[in-house]
Amino acid sequence: MASSSDIREKLRKKRRALQETLTKSKNEDDVQALVPSTKLSEEKRQTTMQEPVGSEEDPGETLKRTIRAQRQRRKKRLLEQTLVQESHDDDVEEISTIQPDGAEEGSAEKADDSVISLRSQTGSQKGLSSRAQQTPSAQSQSIDDFVKRRLEERLRAARSKGESLQQQEASFEPASRLQGLRDRDTVTRFDREVDPDRSGRHDASPALSTRAKLRETARRIGKGLPNAEEAYNFFTFNFEPDPPDGSERSSVKRRKQRKTADRDEDRGDEAEEQEEAEADEENEEENENQSEEAPLVQNEEEDLFVIDQSPQDFLEVKKAVYIGYQNHIQRESEHLFTPSFRTVPTSVKLPENMKPRYLEDEGLYVGERPHVSLTNENILENRILKMEEGMKWFGDDGRIMALPDPIKESSTRPPLFHMEEDVDPSLQTVYRKALKSKYANLYIAGAADPEGDYQLDVDVSGLIFSHHPLFSREHVLGARLAQLYDQYLTRQHNNLTGHLTDKLNGLRSALRNMLEIHGGQSLTQAMQQRFSEYSLEIRTTRQLRDSEQEKDRTLLKNIVKVWKEIKALREFQKFSNTPYKLYLRRENVDRASDEREHEDEILAEVVELEAESEEDYQKKLAEYNKQLEEWKLWRRKQKAKKKKKKKKKKGQTHEDTEDEDQEASESEGPVEEGPPKPEPPERLDFDSIEQQVREKASRIRRKPGEAILIPELSASGNITASELCPRSETARRQDVARRSLFIKILYNDKEVSRTDSRSLNTDFRVHFGQIFNLKIVHCPQSINLQVFEEIGSSCSLLARVFVPVPEPSVVTGNVPVEEYEFSSNQRVMFDHEGVGSDVPLSFEADGSNKQTLLTSGKLSCCVSWGIGEDDVPLAPPVSQQPGGIHSGLGRLDAVTYIGASGLYDMKKIGEWATQSRLDPNDPKNASIMQLLKVASSGEVTAPEYFRLEHLQEEFNFVTDEELERSKRFRLLRLRNQEVAEFRNYKCVPALEREVTDKVFQEYEKRLKEGEIIDTKEHLDSHRALVAKYLQKIRESVINRFLLAKHHYILSDLVIEEEIPSIGILGLNLFKLAEPKRPLKPQRKERKKVTAQNLSDGDIKLLINIIRAFDIPIRRPQSNKPGQVPQSAIQSSDWFLNQVQVRPFVEVSFQRTVLQTTTADGPNPCWNEELQLPFSAPNGDYSNASLQSVKDEVFINIFDEVVHETGVNDKDRGKSIHSWVEKHWLGSVKIPFSTIYSQSRIDGTFKVNTPAVLLGYSKERSHGANGGYDFMRSLSEGTFITLFITMEPQLVPGETIREKFDSQEDEHLLQASERFEREAAQGYPDRPCVSTVIDLNGKTVFITRFIRPLNPPQEFLDAFPNNPRKPRSALVARFVSLIPSLPDRVSFSGACDLWSTCDQFLTLLAGDEEEHAVLLCNYFLSMGKKAWLIIGTAIPEGPTAYVLTYEQSRYLIWNPSSGQYYGQYDTFCPLQTIGCLVNADNVWFNIQEYTTPMRLSLDVTKANLWKPFFSRSFSHPGLSSVQPEELVYRRTDKAAAAELQDRIEKILKEKIMEWRPRHPTRWNRYCTTTLKQFLPKLEMSRGQDVTEGHRHELQSLLGENRISGFPLHLPFSEIRPIVEAVYSTGVHSVQASNVEFALAVYVHPYPNNVLSVWVYLASLVRT
Amino acid sequence: MATSNPSVFLLTVNGQIEGANFPEYDDLYCKYCFVYGHDWAPTTGLEEGITQITRKNSQSSHRLIWNFPLETTFKSTNPSGWPQLVVSVYGPDVFGNDVVRGYGATHVPFTPGQHTRTIPMFVPEPTWRLQKFTGWLLGRRPEYTDPKVVAQGEGREVTRVRSQGFVTVSFHILTKDMKKMGYDIGPSSPANSASVTSGWSTEEQQ
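These figures come from a predicted structure and were not determined experimentally.

Quick notes on the rules
- Counting restarts for each chain, with residues numbered from 1 along the sequence as it is written.
- Both sets of labels track the order of writing: A upward for chains, 1 upward for ligands.
- Since the coordinates come from a predicted model, pLDDT governs what is reported: local features require at least 70, and pairs of side-chain atoms require 80 or more to be given and counted, while whole-chain, interface and lining totals use all residues.
- Side-chain metrics rest on all non-hydrogen atoms present in the structure, leaving aside hydrogens and water.
- Every helix listed is a DSSP run of H or I at least four residues long, and every strand listed is a run of E at least two residues long, numbered separately from the N terminus.
- Only protein chains enter the accessibility calculation, which uses a 1.4 Å probe; a residue is then buried when its area is under 20% of its type maximum, exposed when over 50%, and partly exposed in between.
- Any two residues whose heavy atoms approach within 4.5 Å at even a single point are treated as in contact.
- Exposure was quantified through the Shrake-Rupley algorithm and a 1.4 Å probe, taking into account, for residues, occlusion by the shown protein chains and nothing else.
- Using a 1.4 Å probe, buried area is obtained as the accessible area two parts lose upon being combined, added over both of them.
- We count a salt bridge whenever a side-chain nitrogen from Lys or Arg sits within 4 Å of a carboxyl oxygen from Asp or Glu.
- Any pair of N or O atoms that falls within 3.5 Å is considered a polar contact. Within protein, one atom must be able to donate a hydrogen and the other to accept it, and sequence-neighbouring residues count only if both atoms are side-chain atoms.
- The pairing criterion is simple: DSSP has to find at least two bridges between the two strands.
- To count toward a patch, a residue needs a relative accessible area over 30% and no salt bridge; like charges are then connected within 9 Å, while nonpolar side chains (Val, Leu, Ile, Met, Phe, Trp, Tyr) are connected within 5 Å.
- For this count, His and the chain ends are skipped, Lys and Arg are scored as positive, and Asp and Glu as negative.
- In plain terms, the charge of a residue is placed at NZ if it is Lys, CZ if Arg, CG if Asp and CD if Glu.
- Put simply, buried Ala, Val, Leu, Ile, Met, Phe, Trp, Tyr and Cys residues joined by side-chain atoms within 4.5 Å make one nonpolar core.
- For a helix, the expected span equals 1.5 Å multiplied by the number of residues minus one.
- By arc we mean the arc of the directions from the helix axis to the C-beta atoms, nothing more.

**Remarks on the overall build of chain B**
Piece 1. Helix and strand counts for chain B come out as two helices and 11 strands.
Piece 2. Secondary structure elements of chain B, listed N to C terminal, follow the sequence β-β-β-β-β-β-β-β-α-β-β-α-β.
Piece 3. Buried positions account for 47% of the 206 residues belonging to chain B.
Piece 4. Of all intrachain contacts in chain B linking residues separated by at least 6 positions in sequence, the fraction that spans at least 24 positions is 76%.
Piece 5. Total accessible area computed for chain B in this model is approximately 9900 Å², and 53% of it derives from carbon and sulfur atoms.

**Focus: the interface of chain B and chain A**
Piece 1. Counting residues at the interface gives 36 residues for chain B and 29 residues for chain A.
Piece 2. Summing both sides of the interface, chain B and chain A together bury roughly 2700 Å²; the carbon and sulfur share of this comes to 55%.
Piece 3. There are one salt bridge connecting chain B and chain A.
Piece 4. Measuring nitrogen to oxygen at the nearest pair gives 2.7 Å for the salt bridge that ties B:Asp39 to A:Arg975.
Piece 5. In this structure, the connection of chain B to chain A is made through two residue pairs in polar contact (both at pLDDT 80 or more).
Piece 6. Looking at the side of chain B that touches chain A, the elements that each hand over two or more residues are β3 (40-45), α1 (129-138) and β9 (143-144) of chain B.
Piece 7. It is α1(B) that contributes the most residues to the side of chain B that touches chain A, three residues altogether.
Piece 8. In terms of strand pairing, strand β14 (residues 1054-1055) of chain A meets β9(B) through two bridges, oriented antiparallel.

**Observations concerning a positive patch on the surface**
All names here are of chain A.
Piece 1. Taken together, the side chains of Arg635, Lys639, Lys642 and Lys643 present a region of like positive charge at the surface.
Piece 2. Within the secondary structure, Arg635 sits in helix α20 (residues 591-652).
Piece 3. Overall, Arg635 belongs to the partly exposed group, its relative accessible area being 38%.

**A word on the side chain of A:Glu1446**
Residues and elements named next belong to chain A.
Piece 1. With respect to the helices and strands, the residue Glu1446 is situated in strand β31 (residues 1437-1446).
Piece 2. A polar atom in the side chain of Glu1446 sits 3.3 Å from the side chain of Lys1424.
Piece 3. If sequence neighbours within four positions are ignored, Glu1446 has contacts with Lys1424, Leu1451 and Trp1453.

**Here we look at unusual backbone geometry**
Residues and elements named next belong to chain B.
Piece 1. Phi is positive for Asp27, close to 60 degrees, though the residue is something other than glycine.
Piece 2. Positionally, Asp27 belongs in the loop between β1 (9-21) and β2 (29-35).
Piece 3. According to the relative accessible area criterion, Asp27 is partly exposed, its value standing at 21%.
Piece 4. The phi torsion at Asp177 lies on the positive side, around 70 degrees, for a residue other than glycine.
Piece 5. The exposure class assigned to Asp177 is buried, which follows from its relative accessible area of 5%.

**Some remarks on the side chain of B:Ser88**
Piece 1. Inspection of the secondary structure assignment puts B:Ser88 in strand β6 (residues 84-92).
Piece 2. Setting aside anything within four residues of it in sequence, one finds B:Ser88 in contact with B:Tyr29, B:Cys30, B:Lys31, B:Gly102, B:Tyr103, B:Met121 and B:Pro147.

**Structural notes on the nonpolar core**
All names here are of chain A.
Piece 1. Counting 71 residues, the largest nonpolar core has Ile1195, Ile1280, Ile1543 and Val1654 as its most contacted members.
Piece 2. The element best represented in this core is helix α46 (residues 1533-1554), accounting for six residues.
Piece 3. Aside from chain neighbours lying at most four places away, what touches Val1654 is Leu1547, Phe1605, Pro1606, Leu1607, Ile1617, Val1621, Leu1638, Ala1639 and Val1640.
Piece 4. With 51 residues, the next largest nonpolar core counts Leu1377, Phe1400, Leu1401 and Ile1430 among its residues.

**Regarding helix α16 (residues 374-386) of chain A**
All names here are of chain A.
Piece 1. Taking 1.5 Å per residue as the helical rise, α16 with its 13 residues ought to reach 18 Å, and the 18 Å between its terminal C-alpha atoms agrees with that figure.
Piece 2. Within the span of α16, buried status applies to Glu377, Asn378, Ile379, Glu381, Asn382 and Ile384.
Piece 3. Contact partners of the buried residues in α16: α15 (346-349).

**Here we look at helix α40 (residues 1306-1322) of chain A**
Residues and elements named next belong to chain A.
Piece 1. The first and last C-alpha atoms of α40 sit 24 Å apart over 17 residues, in line with the 24 Å expected at 1.5 Å per residue.
Piece 2. Along α40, the residues classified as buried are Leu1308, Leu1309, Ala1311, Ser1312, Phe1315 and Ala1319. Along the axis of α40, the buried positions cluster into a sector of 165 degrees, meaning they face one direction only. Within α40, the exposed residues directed more than 90 degrees away from the buried face are His1307 and Gln1321.
Piece 3. Where α40 is buried, its residues contact β27 (1331-1334), β28 (1339-1341), β35 (1482-1485) and β36 (1505-1507).

Read these as spatial facts, not as claims about activity.
In structure tokens:
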């Protein structure tokens, strides 16, 4: 970037050059005529844009070449002066690309501009400029002239634009600067166009910063201050604070300055005036673009000079434009008008020389003007006055004309109040949504139309009882008689017998004719066929006629019989109830003819029968002959066979032929049972046939010559008056009289009408005779008549009669009254003559032949459609009625409709159709025939099977195969099943092809690997098996929980406040009085966070390390093994001077390691808080995921040892090198799952110190003073006080309270639920368990788990002569060696599964409960008094311990560590005892305190321990779920040894891996030495380590400084061992001459329980 | 840009929580969130939000106006788990405690175009009368553990609720590529199908 001085110089040069060129061009181009140019300019001034473009195009083109040549020349010359800077060039390029946009925008603004593309533009400009160059002097005049005027004009305009334009200018300033740097080609007026695009693209900030300066310049220029020199000076000052803009700014200014300078040259004294215009020129560029001719001139002028200038020439210097505030206001005031609110004097408002005239004063009415505040009125007046013709708004009085106030003072509308209660009820709007009636679709179409009204006429004429409870016996008989008579009448009417007789006669004669015609010979096949058909027909007809005749006869007999009964009854009871009378009319017949007829008939029949029987006989005979033939054939064969056999046998033996034959026949007989010999058919005897016929005739026909009896029933008999009847009959009659009946008419199950109530007649008929016209709108669905019987005021429903909805053709007038039978099954009994209903009744004297009669009767009514005025039936259209049978079938049955036909038994229909001889030509039968034709053509095959969902296929989404094959569907299905791999799988691809096989790989691998055991990870095949097994259980449990998760209870969904008890309320009140800032603040519960919206880094683990006790202290280096440092020997100054130990705590979690400062002494106090970040696996912060985090927090205590070595350097003198070593002293590890479930852990923990700590010793009781030391002596070891929590506090996963199925007794379960609930209510913080879930997911009562079980025999044999103690310790150790695996880790849900001891020993992994149960059972079998403690401990939380009672003191055993504590031990980790369990009972702690120290552990005291089984609910004798005996596998020493080697190898590799930058040397000698120690340690169980061990080591290793320790772990997997080794940090020793020693020892216990020892040491040669 | 064979379809939900009608309450604010299935992922826009507190106009209408804009785009591969809008309304009670005034949910309409939904709101009822009283007194009414509960059917049978006012939400729905994926939503004329293939289908279906 050029400095300002450079620029100045260049400018000067350029000016000179410019002058030269100008004069040169003048000289050169003077030849050009002046006229055209002036003309042009004038043209330009006046014509539109289009014209200049057109006119300029031609000269432009012609001149272009010459100009180019010129330019070349000039350029050459200018080149030396030109200094094109890279950055500027870049800018030019950038802008030039943008330019077309500007051009286009410009063209968009004006329609005429469309011709102008960028190229033509430049072309034309070239032309212009060259032309201008040719006529500079002449043009300059005109230009000057013109420009002057223009500028003056513009100045005015520009001023008005004011500030806004300045801003605009500022925004396009960066563009304009380029003009100065650019070739003339690119300099177009479009550069200056206001281009939002461009300005937006340029950084706004430089524009802004330049703005202020511009304003400043503008102000000065506006004042007309600067002349050329001034401007020059101004711009050569380097006042730019920001270099990036500097060049831009200066370039802009220089260009302008140059322009002014040019003009100075050209115009001389006009310059000053120009100068003024110059200031606004930029603002006006925009105007230029809009006004047509001006820009051309302007450009012409500019381009004229631009062409020949090097970029430096354009560095025009211009004053920054700034308009001062006053100026600003002044400008604004030109455009803005603020009406004042002063009163306008009246004189102004009135025309001149007029006095205001007040109409009011003149007595005219002036309405009250609307109220306008005075200020507003003044403002308005002022405003109006400014307007043209403002005067017309003023009236004569000098005020604004106004109409009188239109607003009435009092409101014409009642006031509306919106307060809800104030709403006038009469004004309240009640909005009711329009409801669509569900009956809407039931309306008959068009029912709403007036002409479309439909009328249903229901005519209820009456009813007759065929039986009524009040019938007397006579009535019953009478009714029967009437019924029979009715039957008789109908039969007579139908005269079936007559018809059949006629038919028979006809058939007979036809047959006879046939026989006669053909003479019985040469019957054709067809004739024979017909003949047989006829005879068949005759036979059936005759049979039918016979049966009919028989019926007639029996009916007649019955009538007579019933009548006789009636008569007998009337005689017996001495009164008559019914008016029936039967007459038998005799009709005499001509005896002779009758007899002849009879005989003929019999003969004909006999003949026929004979013929039939003959035929039959022939048939049978033929059959017989056939059979006989067969039989004979067979017979012959048999004989032939026999003969053969006989011959054979004869050939063999002669003696016992007979026997053999017999045997043979015997043996053959049953084998070949031949067809039996057929019986010849019997020929029927003709006499017997005739006999039969005659018998039959006498039975079913009247005897020849006998008179025909015609019964006639009349009701003309008189009924005995009531007075003459016995009392019971009178009572009955009275009862009858009391009854009345009415009928309700229900249409579509709605009562529409009812008849009048009519009393029951003595003949049990009721006549209604009422017609109901129902005008209907709904489709008729049912018409129901209900018969009600009324006795007094009560009425009862007797029967319902359903009347079919009539066809539309059924109209009133042409319908007969129909009788509908009804009956009722009500049971009615009377104590009078009435027979009752549903009561057995007999007419026989002996009471036999009982009948049961039900109330029944006939209702005669008719339902028909009404007829309108013009005989139009008022019935709905037919279309709503169902069609014919078959179309109806199709419609009713969706199955046939869909096409699943063949479900109906077509065959049967076919059979029926052929049998019934349907006339195929009858149109009525057409549909059936059609159906049959279709059906029979395809040999209807009804499916042989029955399908439940025969439409399933239609609705199947895809076929099953496709569903199986599709990967996408599979994925979706697996996700839906919540398979572990696919649970919460996001975004299943939409397309099949996008589902990769990779997705399933893992899942399939898991499925496949179910059986394969991976020994690599587990080192031990048994463990691997167990792991698989555990995995399986886990899966099943998870599935169970997934199911359970879908069962909700209220508290899952709704958060609700508990009902506060009085106590809580009281506490809350008490809290109000609490001090706001207590002196000893308590830890408050923090708000819990659901772990959903968390991400990595949100959760922190806060570990507050407070203090530690009894840290081992350093032992002074001593090479003499014999000298044992005793505290007693140490002098007091040693105690003071010697630093015993400098411990610090290092916490490592998820490979993040933090440490505290170093403290001094064996009882340090750190009180430091460490924050460790926590990240969940895969960033999944769901409860289930967090629960299964297996990471552990390792809290290691180290000793910081500083070694100093003095080094003598020759150059610098003496210097001391010191390096820091850390020595591991012990560790505490706390699983994350514990912290998560506990949410905080607070307490003092025993530090897990190695059995031997080389170089350290326990030094205590330096001053055996005070009780504290005494207390401490009770517990051996180091302790550390910690507080651990999480930030933010997470809500632990909720427990599953799914009710599991159980085999326990229901009472027991209820009792246990009650027990637990009461416990939870009374003592919410005490855990109480009475039922647990076993591995099968069943609820089991807890006491079932307790049962004495044998420990491994070798433990019992261990110390045959020692007392119990060591043995129990050994057993406890064994139990503690079984690895612990919290359930919530393995089962990922907060559930607690209890496994039995054998399961536990098989799985070799379990929770504290399993350990405790096993230990408790062992103790019990060893004859101890032992209980299971359910309580809470630190750090485990709710857990199980074991309590034993021996030697009159209670011992508390921690089953996971094998440690035991006395009841009064301070450091016992057990904090709360909730309940005690043994095999017989559960006791819940109802004492005041929960800590073991303050408890009485005597469970017999009922006021301290609440038993589950008490006297009220005794122990039901629950059997144990544990096995009788535990079977132990022998220890496998070889496997242990192998494992030992493998662990050692892995550990060594790991240590080398952890030391990537240092060589790791192993001291073999030391290793072997260490290896020898380990079995000893195992034997002594890590205790009673002899001092000798260390000395031995020391003596062995001589001058090496050794630090090391053995680690002891139960074995489960390799990972925890590696972690433990890593956490000790032995590998981190940096010293160059360090050597390591590592020894591993695996001690096998029965059942594959392994104890692993790792001895680690580092040696530094001193 | 629109590819010829897309693997996801997009659903753009614009609109606003217009207001509510709670005749008895005032000074309410509204929280909203979208609940959607596994196959859905929001691409832009806010999934949850909280409106300003609004107060009824003292004179005319009883409506509470929030006019809170919703603008979210989802992409999905599967219409199962179609997004639902869950709104919950809160406001102070007599004692000034912030209590819940209603929960409600509605499915985002699936036809493109403009839709207005009026969501009936409800609140869980206290189990007992006494709880109702204490809840009223202490300002601790029963609340759902998670407002998203109202978008699922599972486990609702254990709750009892009381209905409470309405919230009106307007939606402007745009979908993209649904048709290409084979999901046909509503009738569409051939003229529309051209625009469907070209990109966003915005035709109004109402």
